[in-house]
Amino acid sequence: MDRTIDHVAFGGTELYELRAAASEVGLTPTYGGEHGTGTTHMAVVPFPDGSYLELIAPTLGTDATDAGFWPDYLAADAGPAAWCLETDDAAASAKTAIDAGLPVDGPHEASRARPDGRLVEWDMCFEGSDQRLPFFIHDRTPRSYRVPEAAPNASLRGLQTVVVATRDREATAALFARRHRYPSPVDINGPFPEFATLPGTPLALCEPGDGALDARIDEVGEGPCAFLVGVTDLDRARTALSLGPEIRYSDRRMAWFDHDLFDGRLGAVELS
């Protein structure tokens, strides 16, 4: 069972806007360079546990609809676009997905040219017919080339939860049980309606009512709608991070990062 997040992708039409928003809320993005397709570039927000937030947008002169990664999400400034797990063997992960009856795209070789000239290379494999399932990555070059070291932080730890918006929570839970052997969802109080976590996994599910989530699924389909970063103490986190009002998350506390681009999309949650 895969339980830890390698990284998540947060997309938009302009990378400078994403980087500025991250800086304004106390996160530290590092420009990571242009992908090998030439159609997207990115910045990395590394966390102390080794996971990271990828900010991704079309390169200058590229229409978002022509982006090599998640064009619908980038064109819609949708924010959360995808999530990733690391694998030791991309081909074996693809075979496992095929054996589970899932369509597979890959493995593909991919790369990114860092501003210092160093080439980062990896294999990646996408699964399923939408963005609900994570994709897999296997580094061809050392992972340290892909992920810069994070600055120490007294409260911030790393990516904890991916919230997937789905019209049929039962069907999506069954998909993850079949592919990843994830357990059944457990309802909790959380930031979205019909909200449930899958214990021991980085996944939470929500079903939209009428409103923003419903419109989001209409526009970009089912998939990640929010990412939650773990902190040891929400009050201590506020000394370094700009966070909005407190929200209950089961018996814990959470808050969205206090910026229009991140509200309802990127939050901090206390670790249990």
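My aim in this report is to walk through the structure given alongside it, one point at a time. Owing to the predicted nature of the structure, the values given are computational and were not obtained by experimental measurement. (Residues numbered from 1 in each chain as written. Predicted model: local features only at pLDDT ≥ 70, side-chain atom pairs only at ≥ 80, totals over all residues. Heavy atoms only, no water.)

Some details on the overall build of the chain
- Scanning the chain for helices and strands turns up seven helices and 16 strands.
- Since a compact globule built from 272 residues should have a radius of gyration of about 19 Å, the 17 Å found for the chain is in line with a globular shape.
- With respect to the principal axes defined by its C-alpha atoms, the chain has extents near 45 × 45 × 30 Å.
- Taken over 272 residues, the chain has a buried fraction of 52%.
- In the chain, 63% of the contacts between residues at least 6 apart in sequence involve partners at least 24 apart.
- Approximately 11600 Å² of the chain is accessible, and the part contributed by carbon and sulfur atoms is 45%.
- Measuring between centres, the 23 positive side-chain charges of the chain sit 6 Å from its 43 negative side-chain charges. (Helix = DSSP H or I, 4+ residues; strand = E, 2+ residues; numbered from the N terminus. Rg over C-alpha atoms; globule rule 2.2 N^0.38 Å. Buried < 20%, exposed > 50% of the residue type's maximum accessible area, 1.4 Å probe, protein only. Contact = heavy atoms within 4.5 Å. Areas by Shrake-Rupley, 256 points an atom, 1.4 Å probe, with all protein chains shown as cover. Lys, Arg positive; Asp, Glu negative; His and termini not counted. Charge placed at Lys NZ, Arg CZ, Asp CG, Glu CD.)

Looking at the side chain of Thr166
- Its place among the elements puts Thr166 in the loop between β9 (156–165) and α5 (169–180).
- For Thr166, a relative accessible area of 0% puts it in the buried group.
- Of note is the side chain of Thr166, whose polar atom sits 2.7 Å from the side chain of Thr172.
- Excluding its chain neighbours within four sequence positions, the residues that come into contact with Thr166 are Arg132, Thr172, Cys206, Glu207, Pro208, Ile217 and Glu222. (Polar contact = N/O pair within 3.5 Å; in protein donor to acceptor, adjacent residues only side chain to side chain.)

So, the sheet that holds strand β8 (residues 135–139)
- Strand order around the closed barrel formed by eight strands is β1-β4-β3-β2-β6-β7-β8-β5, with mixed pairing between neighbours. With strand direction ignored, the average angle separating the axes of adjacent strands in the sheet is 35°.
- Bridge count between strand β5 (residues 79–86) and β8: three bridges; the pairing is parallel. Counted as the bridge partner of Leu85 is Phe136 from β8.
- Along the sheet, helix α1 (residues 15–24) contacts β1 (7–11), β2 (30–35), β3 (40–46) and β4 (52–58); its crossing angle with β4, the most-contacted strand, is approximately 150°.
- Against the sheet, helix α3 (residues 90–99) makes contact with β6 (104–113), β7 (119–127) and β8, and its axis sits at roughly 150° relative to β6, the strand it touches most. (Pairing = 2+ DSSP bridges. Axes fitted to C-alpha atoms, helices over the stretch in contact; angles between N-to-C directions.)

Bear in mind that shape data such as this cannot, by itself, settle questions of function.
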